[in-house]
Amino acid sequence: AQSVAQPEDQVNVAEGNPLTVKCTYSVSGNPYLFWYVQYPNRGLQFLLKYITGDNLVKGSYGFEAEFNKSQTSFHLKKPSALVSDSALYFCAVRDILTGGGNKLTFGTGTQLKVEL
Amino acid sequence: DAGVIQSPRHEVTEMGQEVTLRCKPISGHNSLFWYRQTMMRGLELLIYFNNNVPIDDSGMPEDRFSAKMPNASFSTLKIQPSEPRDSAVYFCASSLPLSGELFFGEGSRLTVL
């Protein structure tokens, strides 16, 4: 089965500094990887996805993610963090299902806290 | 578009009572997912529908849980009888097939006393 791991429960960073939220994956075949963000008391929101092509994927709100096949990683990055980026971030991998369609398997989430 | 609409947003009930959670997916999306989120277990996929047909219900915890999708614009998740360990936030999400980009509702926070 496809899976992703987020090794850090929480990441703290000062506003203006670069941030990285880590994700590693385990898949058979080509990976289809995603990042989602969840603000307090809200549903998850799509940030970006990697299907194929460039290893650096750009997404919403200035976020980007770097796909690294040799390290089986898909880390989320942002050059300059904002306090408003503070949220729960989920990495996910897509499973193609027999019978049609797909499902996403999410990691355990990483709480990002950006401080002044 | 109004997005995925879930109701109720909050539900407090007593153990043994029946709970029904409702979801209206985004028009045109024919994949629908029910997820449950808790501190202990994180985000778990309960069941997935494609074109109103349940494709994968392996995440449904037990027979007390059931889900239906009678048409493309409505789905329900029912718990009968409810137990305190069912307390969680239940999310509905929809997507186009094979997209991987899920659109989540705001969730239904269930508390079973």
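Residues numbered from 1 in each chain as written. Chains lettered and ligands numbered in written order. Predicted model: local features only at pLDDT ≥ 70, side-chain atom pairs only at ≥ 80, totals over all residues. Heavy atoms only, no water.

1. Notes on the overall build of chain B
Part 1: A tally of helices and strands in chain B yields zero helices and eleven strands.
Part 2: Counting from the amino terminus, chain B carries its helices and strands in the arrangement β-β-β-β-β-β-β-β-β-β-β.
Part 3: Scaling as 2.2 N^0.38, a compact globule of 113 residues should have a C-alpha radius of gyration of about 13 Å, and chain B matches this with 13 Å.
Part 4: With respect to the principal axes defined by its C-alpha atoms, chain B has extents near 35 × 25 × 25 Å.
Part 5: Expressed as a percentage of its 113 residues, the buried residues of chain B come to 49%.
Part 6: Pairs at least 24 apart in sequence give 53% of the contacts found in chain B among residues at least 6 apart. (Helix = DSSP H or I, 4+ residues; strand = E, 2+ residues; numbered from the N terminus. Rg over C-alpha atoms; globule rule 2.2 N^0.38 Å. Buried < 20%, exposed > 50% of the residue type's maximum accessible area, 1.4 Å probe, protein only. Contact = heavy atoms within 4.5 Å.)

2. Details of the nonpolar core
Part 1: In this structure, W35, L47, L48, F74, L76 and Y89 of chain A are the most contacted members of the largest nonpolar core, which totals 26 residues.
Part 2: Listing elements by their share of this core, those giving two or more residues are β2 (10-14), β3 (19-21), β5 (33-38), β6 (44-50), β8 (64-68), β9 (73-78), β10 (87-96) and β12 (110-115) of chain A.
Part 3: If you tally residues by element for this core, the top one is β10 of chain A, at four residues.
Part 4: C23, I47, A67 and L77 of chain B belong to the second-largest nonpolar core, a separate cluster that totals 21 residues. (Core = buried A, V, L, I, M, F, W, Y, C linked by side-chain atoms within 4.5 Å.)

3. Describing the state of the cysteines
Part 1: Summed over the entire model, instances satisfying the criterion amount to two disulfides over all chains.
Part 2: Each sulfur in the disulfide pair C23 of chain A and C91 of chain A lies 2.0 Å from the other. Given an S-S torsion of about -65°, the disulfide between C23 of chain A and C91 of chain A has left-handed geometry. With C23 of chain A in the loop between β3 and β4 (24-26) and C91 of chain A in strand β10, this pair connects stretches of sequence that are 68 residues apart.
Part 3: Judged by relative accessible area, C91 of chain A falls into the buried class, the value being 0%.
Part 4: Two residues share a disulfide in this structure: C23 of chain B and C92 of chain B, whose sulfurs sit 1.9 Å from each other. (Disulfide = S-S within 2.5 Å.)

4. Details of the interface of chain A and chain B
Part 1: Contact with chain A, which involves 22 residues of that partner, is made by 20 residues of chain B.
Part 2: Approximately 1800 Å² of surface area, both sides summed, lies buried where chain A meets chain B, with 51% of it carried by carbon and sulfur atoms.
Part 3: The tally of links from chain A across to chain B stands at two salt bridges.
Part 4: When contributions to the side of chain A that touches chain B are tallied by element, the ones reaching two or more residues are β5, β6, β10 and β11 (102-106) of chain A.
Part 5: Among the residues making up the side of chain A that touches chain B, the classes are represented as ten nonpolar, eight polar and four charged. (Buried area = accessible area lost by both parts, 1.4 Å probe. Salt bridge = Lys/Arg side-chain N within 4 Å of Asp/Glu carboxyl O. Nonpolar A, V, L, I, M, F, W, Y, C, P; charged D, E, K, R; others polar.)

5. A short note on the pattern of salt bridges
Part 1: Enumeration according to the criterion identifies 14 salt bridges over all chains in this entry.
Part 2: We note a salt bridge from K113 of chain A to E115 of chain A, for which the minimum N-O separation is 3.8 Å.
Part 3: A salt bridge links E62 of chain B to R85 of chain B, with the shortest nitrogen-to-oxygen separation between them at 3.3 Å. In this pair, E62 of chain B sits in the loop between β6 (53-56) and β7 (65-71) while R85 of chain B sits in the loop between β8 (74-79) and β9 (88-95), placing the two residues 23 residues apart along the sequence.
Part 4: Its relative accessible area of 28% is what places E62 of chain B among the partly exposed residues.
Part 5: One salt-bridge network, held together by shared partners, links E62, R64, E83, R85 and D86 of chain B.

6. Description of the pairing of strand β11 (residues 108-112) of chain B
Residues and elements named next belong to chain B.
Part 1: Going residue by residue along β11, you find S108, L110 and V112 tucked away on one face and R109 and T111 left uncovered on the opposite face.
Part 2: In this sheet, β11 lies alongside β9 in antiparallel orientation, the contact comprising three bridges. Along β11, the bridge assignment pairs Y90 with S108. (Pairing = 2+ DSSP bridges.)

7. Re the environment of L33 of chain A
Residue and element names in this part refer to chain A.
Part 1: Within the fold, L33 resides in strand β5.
Part 2: On the basis of relative accessibility, which here comes to 0%, the residue L33 falls in the buried class.
Part 3: Sequence separation between L33 and V4 is 29 residues, and the spatial gap between their C-alpha atoms is 9.0 Å.
Part 4: Ignoring any residue separated from it by four or fewer positions in sequence, one finds L33 in contact with V4, Y25, L48, K49, Y50, F67, F74, A92 and V93.

8. Observations concerning the sheet that holds β8 of chain B
Residue and element names in this part refer to chain B.
Part 1: Read across the sheet, four strands follow the order β1-β3-β8-β7 without closing on themselves; strand pairing throughout is antiparallel. Every other strand in the sheet has two partners, leaving β1 (5-7) and β7 as the edge strands with one partner each. Averaged over all pairs of adjacent strands, the angle between their axes in this sheet comes to 15°, without regard to strand direction.
Part 2: Across five bridges, the pairing between strand β3 (residues 19-24) and β8 is antiparallel. By the bridge assignment, T20 is partnered in β8 with K78. (Axes fitted to C-alpha atoms, helices over the stretch in contact; angles between N-to-C directions.)

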